[in-house]
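What follows is each chain in one-letter form.
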Amino acid sequence: MPQILERNFPKSKIFLWSATSILVIAGSAGSALGHDLPLGDGNISSQPKVGFVFSCQQRFNPNAPGARASGDWLGKTTWDPSKKPYVEGSVNWPAEISITRTGEKRIVKSNNLPTHPTGVFPIQRNDPVYKYDRNNGRITAQDILIELPAVPKIAASPSCVAMGMIGFSITNAAMYNALDARGDDAPAHEMQDRCSGHPQQTGQYHYHNMTPCFDDRRSEPGGHSDQIGYALDGFGVFGIFGENGEKLKTADLDACHGHAHTIRWDGERRDLYHYHMTDEYPYSIGCYMGTPVKLPASLSGRPQGQGEGGDRPPRRRQGGQGGQGGPGGGPQQVISTAAAELGVSPQQLRQAVGAPPPDFQRASQMLGIPAATIRQAMQKARRDR
Ligand SMILES: [Zn+2]
Ligand SMILES: [Zn+2]
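Residues numbered from 1 in each chain as written. Chains lettered and ligands numbered in written order. Predicted model: local features only at pLDDT ≥ 70, side-chain atom pairs only at ≥ 80, totals over all residues.

## Comments concerning the packing of helix α3 (residues 331–342) against helix α6 (residues 371–383)
- Closest axis-to-axis distance for the α3/α6 pair is 8 Å, and the angle between their directions is 130°. Classed by the angle they form, the pair α3 and α6 counts as oblique. You can see that α3 and α6 cross each other, and the crossing is right-handed. For the pair α3 and α6, contact is made by Val 334, Thr 337, Ala 338, Glu 341 and Leu 342 and by Ile 374, Ala 377, Met 378, Lys 380, Ala 381 and Arg 382, respectively.
- Along the lines of polarity and charge, the residues of the contact of α3 with α6 split into 7 nonpolar, 1 polar and 3 charged. (Axes fitted to C-alpha atoms, helices over the stretch in contact; angles between N-to-C directions. Helix = DSSP H or I, 4+ residues; strand = E, 2+ residues; numbered from the N terminus. Parallel < 35°, antiparallel > 145°, perpendicular 65-115°, else oblique. Left-handed = near helix turned anticlockwise from the far one by under 90°. Contact = placed C-beta atoms within 7 Å. Nonpolar A, V, L, I, M, F, W, Y, C, P; charged D, E, K, R; others polar.)

See below:
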């Protein structure tokens, strides 16, 4: 049963979390929209820019693992969330999260298992979305301990957002930026469950956009959204509604996807900067206005040794990639088999690992696939020969 061990949120916001009171997940994130959203593919910048992700990673591998196909929800320049299918299932998790303030610090301690039900991951073969996305990540408890500044300050200049965790939600999910491992618009391309979440390689459950499974009571004055989480610079992240109760658009916010006005902060009214989620790309934090805390690689959700991406296990393709090497299989056959397993071409894999012995680190950087995954695929191909 999901359980919040402790919440140190403002009193008026404390409410009991239980399996029955958490949320309403009927309906969908998109059904309320009913119209197309701009597709964010390519909107990556190397400086703060409204409507873009100011990404620390600037080069993306277009062949990195990710969704393998798309359907009628995806147009050339737009996508329609109301038409996008969900990963099926409803799995409950023993969520544990505490957010406490100790002097100048805010401590987030969590097992990263969501307070709401999730879809079934890895995506099952009989799930209709399997044809689009074969995310084989398995939701796994993480040992999250983050120390944030309790009252963050605006930095001299904004800074870029990394791949992996950029914030943490009180629904016990990590918050990621808008990008998938290819640098594309993740919510438009990748399969998510009804709560707009999914796990990546190390099993970290996360959102790229607003979850419909957050109980936004809009209890701030004017119907402004409640706080859904914290960015890694310590500033709050709020839902999609602004001060006048209006649904915020990306153009209403600054380049980092936030603004400043009076909000409730640790029980007090304070004029403070904060971020907002929006329905539109980039959905969430576009850059940091404060100074983000540094996370150890094991916490960030970005698999170690992975030069590109960090999100999503390898896409698999069936057959069609072979051709090199005769029957019985030599080194060429190993490459072909492993390449098919990894969802890249044999040429790409051969180039990436180089002359024997294979350089898995280099391959990882070139392909945007974790070194361990490449090593395993090649070992398996060797065994299966
Ligand atoms: Zn606001
Ligand atoms: Zn993701």
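## Some thoughts on unusual backbone geometry
- Residue Phe 121 is joined to Pro 122 through a cis peptide bond whose omega torsion reads -5°.
- For Pro 122, the location among the structural elements is in the loop between β7 (105–110) and β8 (144–149).
- At the junction of Tyr 281 and Pro 282, the peptide bond is cis and its omega measures out at 5° in the coordinates.
- Counting through the fold element by element, Pro 282 comes out in the loop between β16 (268–276) and α2 (297–300).
- The backbone of Asn 172 sits at a positive phi, close to 75°, despite the residue not being glycine.
- Note on placement: Asn 172 falls in the loop between β9 (165–169) and β10 (174–176).
- The residue His 257 is not glycine, and still its phi comes out positive at about 80°.
- Locating His 257 in the fold gives a position in the loop between β14 (236–238) and β15 (258–265).

## Quick word on the environment of Gln 201
- By secondary structure assignment, the location of Gln 201 is in the loop between β11 (197–199) and β12 (205–207).
- A C-alpha to C-alpha distance of 8.2 Å links Gln 201 and Gly 301, two positions 100 residues apart in sequence.

## What to know about the sheet that holds strand β13 (residues 227–231)
- Spatial strand order, β11-β12-β10-β9-β13-β14-β16-β15: 8 strands in an open sheet with mixed pairing. Each edge of the open sheet is held by one strand with a lone partner, namely β11 and β15. On average, adjacent strands in this sheet sit at an angle of 45° to one another, irrespective of strand direction.
- With 3 bridges joining them, β9 and β13 adopt antiparallel strand pairing. Within β13, the position partnered with Ser 169 by the bridge is Gly 229. (Pairing = 2+ DSSP bridges.)

That's the geometry; what it means functionally is another story.
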